[in-house]
Amino acid sequence: MATSSRFSSVIQLTDLDDFITPSQECIKPAKTQNARQVTSSGSAKIQIGDDGTYSQLDKEGRPEKLQKAQITLNDCLACSGCITSAESVLIGQQNHMEFLKLCKDIQLSSPSRSFDKVVVGLSCQPILSFANKFQIPPEDARAKLSALFRQLGAVKVFDVESFSDLCLVECGQDFVHRYREQSTNSTSIPVLASACPGWICYAEKTHGNWILPHLSEVKSPQQIAGVLVKDVLPNELQTSASRLAVVMIMPCFDKKLEASRSDFFHEDQQSKDVDFVITPVEIEQILEELAIEFVDLGSSQIDSLNGVADTAWSVPSGSGSGGYAEHVLRFAAKELYGMTLEDVRFQPLKNSDIREAFVEKDGEQVLSVAIVNGFRNIQNLVQKMKRKKRTYDYVEIMACPSGCLNGGAQLRTESTETKALAANMEALHSKLEHRQIDEVRVNKLNHVWLGKASPEEHLNKLRTSYHAVQKSTNALTVKW
């Protein structure tokens, strides 16, 4: 499987109509050496070998092999096109080989190591992916993954869902604030969820400033976990934020793009909020390289991180992508109309990747939310917004069809079709213990992770901003 296929379809080029005017060529060139190595005519002369390598000729005509220019995730984010499906797009950072090297360097106390300690955050979708493939209970898959990362040297393994409540509460408050202000700022509704980096990458590069006011500024649970873990754990682990490697286990490569955003790098600490994102397919590669059978792994408990995590594993109520739409609907109904929703049911439209739910009061619809998964459905939603057809107040958007449970880097089996696999994952997710957000839990989370943070510090830790990417013009993007 090509590496790029593990990204969502929004940011990979799979066929001609799968992306709006994509850049089909990466323009980062092979590196040339300094000016002393030029021909007498003043221009560098480059030769292409039979094996496809590039060489530069010096003054005497002797070839010197050029170093291949690697395209990093930061390069992709800075480009105005998409990440193509060509295997020449090399992921030079955050891959499983770099992660294994990091673990080995720490275990051997290598003087050249970049980090001293490793902590790992598990999200529920990869756990369910392993449970589905190996036909074991999700709780067993979770315990085995914990054991694997402890074996590799992680000092703590925690649930990313421990931080989802902070994210969801902030999403609810952000929506209610915008809803109340819509009379003076009509461009802020509908609010579009921003937890999916594939969707954000597409929005920034394709629709730019027009769509930015609609994007929720709340960070995803991955990034909230990263910034708060690096705030609190270094003291406990007797290290610094820059020497603590935070590793997240996520369902697709898009999350690597999110972790690589410059917005999540702190110059003063020379530290990222999240240093590595590893996916299920990469975990399989790790197991293969270490000659470990997943089913033979032992079991290990999940760390509570100062008592935040529950003894029993639970996930937020709602969709398998995080439950954003359901929580926002419940929170807004109570805050705006004093209504407590006992049961929220999303009704599918023409396909199961578009589902909607409404709140009525006195026979009138007062709130509407939707879940929109998959690139083509996202395109349709955006086009309706451009035509001023406001259908919903809040939309949970995920780039992958069927959402995060069907992430691009989840484990696949040759014998199971995509739709059947998605159905299996939905069934596993539905059997987990689901929780609604309660005030006691949120206060506990705020006390542990935000402490006495000022309102400004609170926003800096839980919110971010998005930026339109300036489009470049080359022969492949011009419409002739």
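As the structure is a prediction and not an experimental result, all values here were calculated from the model.

About the cut-offs
Think of each chain on its own: its residues are numbered from 1, step by step along the sequence as written. At least 70 in pLDDT is required for a residue's local features to be given in this predicted model, at least 80 for side-chain atom pairs to be given and counted, and no such filter applies to totals for whole chains, interfaces and linings, which use all residues. Only hydrogens and water are set aside when side-chain values are computed; all heavy atoms of the structure are taken into account. Strands are treated as partners if at least two bridges between them are detected by DSSP. Numbering of helices and strands starts at the N terminus; helices are DSSP runs of H or I of at least 4 residues and strands are runs of E of at least 2. Using a grid of 1 Å spacing that covers the protein atoms alone, one calls a set of points a cavity when a 1.4 Å probe fits there but cannot get out, and a pocket when the set is open and has protein on both sides within 12 Å along at least five of seven lines; lining residues are those with an atom within 4 Å of a point. Grid points are joined across faces, edges and corners, and a volume is the space filled by probe spheres set on the points. Lys, Arg, Asp and Glu make up the charged group, whereas Ala, Val, Leu, Ile, Met, Phe, Trp, Tyr, Cys and Pro make up the nonpolar group; the residues left over, Gly among them, are polar. pLDDT measures the predictor's confidence residue by residue and takes values from 0 up to 100. The criterion used for residue contact is that any of the two residues' heavy atoms lie within 4.5 Å. As a rule, the C-alpha atoms of each element are fitted with a line to give its axis, helices using only the stretch in contact, and angles between N-to-C directions run from 0 to 180 degrees. Here a Phe, Tyr or Trp ring, Trp counted by its six-membered ring, pairs with any other such ring whose centre lies within 6.5 Å, and the pair is stacked when the planes are under 30 degrees apart, edge-to-face when over 60, and tilted otherwise. Whether a charge sits over a ring comes down to the Lys NZ or Arg CZ being within 6 Å of the ring centre and within 35 degrees of the ring normal. Residue burial is assigned from relative accessible area. The probe radius is 1.4 Å, only protein chains are included, and a residue is buried under 20% of its type maximum, exposed over 50%, and partly exposed in between. Convention used here: a crossover is right-handed provided that the path from the first strand, over the helix, to the second strand proceeds clockwise when the strands point away from the viewer. Should a side-chain nitrogen of Lys or Arg be within 4 Å of a carboxyl oxygen of Asp or Glu, the pair is scored as a salt bridge. Put simply, angles under 35 degrees are roughly parallel, angles over 145 are roughly antiparallel, angles from 65 to 115 are roughly perpendicular, and the rest are oblique. Among buried residues, the Ala, Val, Leu, Ile, Met, Phe, Trp, Tyr and Cys ones that are joined through side-chain atoms within 4.5 Å form a nonpolar core. Here a helix's expected span is defined as the number of its residues, less one, multiplied by 1.5 Å. Note that the arc is defined by the directions from the helix axis to the C-beta atoms.

Moving on to the pairing of strand 2 (residues 54-57). Relative to strand 3 (residues 63-65), strand 2 runs antiparallel, the two being bridged by three bridges. Bridging across to strand 3, L57 finds its partner in P63. Where strand 2 hands over to strand 3, the hairpin turn is made up of five residues, of which G61 adopts a positive phi near 85°.

Going through the model one piece at a time under the given rule, you end up with seven cavities of 30 Å³ or more. Roughly 360 Å³ of internal volume is contained in the largest cavity. Taken together, 32 residues form the lining of the largest cavity, with Q125, K255, S321, Y324 and C404 sitting closest to its centre. When residues of the lining of the largest cavity are traced back to their parent elements, those giving at least two are helix 3 (124-134), helix 7 (221-237), helix 8 (254-259) and strand 11 (315-316). A class-by-class count of the residues in the lining of the largest cavity yields 16 nonpolar, 13 polar and three charged.

Averaged over every residue, the pLDDT of the protein chain is 82; the share at 70 or more is 79%. A low-confidence stretch, residues 12-41 stays under pLDDT 50, and its non-local contacts, those more than four residues away or across chains, total 60 contacts. In the model, residues 75-91 has pLDDT below 50 throughout and makes 54 contacts with residues more than four positions away in sequence or in other chains.

A few words now on the sheet that holds strand 12 (residues 347-348). Taken together, five strands build an open sheet; the order of strands is 6-15-14-13-12 and the sheet is mixed. Each edge of the open sheet is held by one strand with a lone partner, namely strand 6 (191-192) and strand 12.

This part is about the sheet that holds strand 7 (residues 244-249). In spatial order, the strands read 5-4-7-10; together these four strands make up an open sheet with parallel pairing. Unpaired on one side and paired on the other, strand 5 (156-159) and strand 10 (276-278) mark the two borders of the sheet. Across the sheet, the mean angle separating the axes of adjacent strands is 25° when strand polarity is ignored. Together, strand 4 (117-122), strand 7 and strand 10 form the strand contacts of helix 2 (residues 96-107), whose direction differs from that of strand 10 by roughly 120°.

Our focus in this paragraph is the layout of surface pockets. Vacant regions in the atomic arrangement are exposed by a probe of water-molecule size rolled over the atoms. Looking at the largest pocket, its volume works out to about 560 Å³. Listing elements by their share of the lining of the largest pocket, those giving two or more residues are helix 5 (164-180), helix 10 (324-337) and helix 13 (439-450). Among the elements that line the lining of the largest pocket, the one with the most residues is helix 10, at six residues.

Tallying each qualifying case throughout the model produces eleven aromatic pairs. An aromatic cluster of at least three residues, connected via ring pairs, comprises F99, F149 and F276. The ring of F253 carries the charged tip of K256 above its face, separated from the ring centre by 4.9 Å. The ring of W210 has K386 sitting right over it, with the charged end atom 5.4 Å from the ring centre.

Moving on, we come to the pairing of strand 14 (residues 364-373). Among the ten residues that make up strand 14, eight are buried, leaving the element largely enclosed by the rest of the structure. Note: strand 13 (residues 354-361) against strand 14, eight bridges, orientation antiparallel. Following the sheet pairing, V359 is matched in strand 14 by L367. Taking the residues that link successive antiparallel strands as the turn, the strand 13-strand 14 hairpin has two residues, and the phi of D362 there is positive, at about 55°. The parallel pair strand 14 and strand 15 (residues 394-398) is bridged by helix 11 (residues 375-386), and the resulting crossover is right-handed.

Here we come to the environment of V227. Looking at the secondary structure, you find V227 in helix 7. By relative accessible area, V227 is classed as buried at 7%. Once the C-alpha coordinates of V227 and F265 are considered, the two residues, 38 residues apart in sequence, prove to be 9.9 Å apart.

The next point concerns the pattern of salt bridges. Note on pairing: side chains with opposite charge can pair once their charged atoms come close. This model, assessed by the stated rule, comprises 19 salt bridges. Residue R330 pairs with E326 through a salt bridge whose shortest N-O separation is 3.2 Å. Of this pair, R330 and E326 are both found in helix 10, four residues apart, which corresponds to roughly one turn of the helix. Across the pair, E326 and R330 agree in class, each one buried. Here the salt bridges share partners, and the residues they tie into one network are E170, D174, R178 and R463.

Before going further, it helps to examine the packing of helix 5 against helix 13. It is at 10 Å that the axes of helix 5 and helix 13 come closest, and there the two elements cross at 110°. Overall, the two elements helix 5 and helix 13 adopt an arrangement that is roughly perpendicular. Taking contact as the criterion, the partners of D165, L166 and V169 in helix 5 are, on helix 13, R441, V442, L445 and N446. In terms of residue class, the contact of helix 5 with helix 13 is made up of four nonpolar, one polar and two charged.

Let's shift gears to the nonpolar core. If you look at soluble globular proteins, the nonpolar side chains tend to sit buried side by side. Counting residues in each nonpolar core, the largest one holds 75 residues, and the members touching the most others are F175, W199 and V229. With sequence-adjacent residues up to four places away left out, F175 is seen in contact with I189, V191, V328, A332, L367, D393 and Y394. The next biggest cluster of nonpolar side chains, apart from the first, holds 44 residues, and it includes V120, I278, I286 and L428.

To continue, consider helix 13. Each full turn of the α-helix corresponds to 3.6 residues, which orients residues three or four apart in the same direction. Along its twelve residues, helix 13 runs 15 Å from first to last C-alpha, staying within 8% of the 16 Å computed at 1.5 Å per residue. Residues of helix 13 that are buried include every one of R441, V442, L445, W449 and L450, and no others. Down the axis of helix 13, the buried set is contained in an arc of 115°. They therefore lie on one face. Every exposed residue of helix 13 that faces more than 90 degrees away from the buried side is listed here: E439, V440 and H447.

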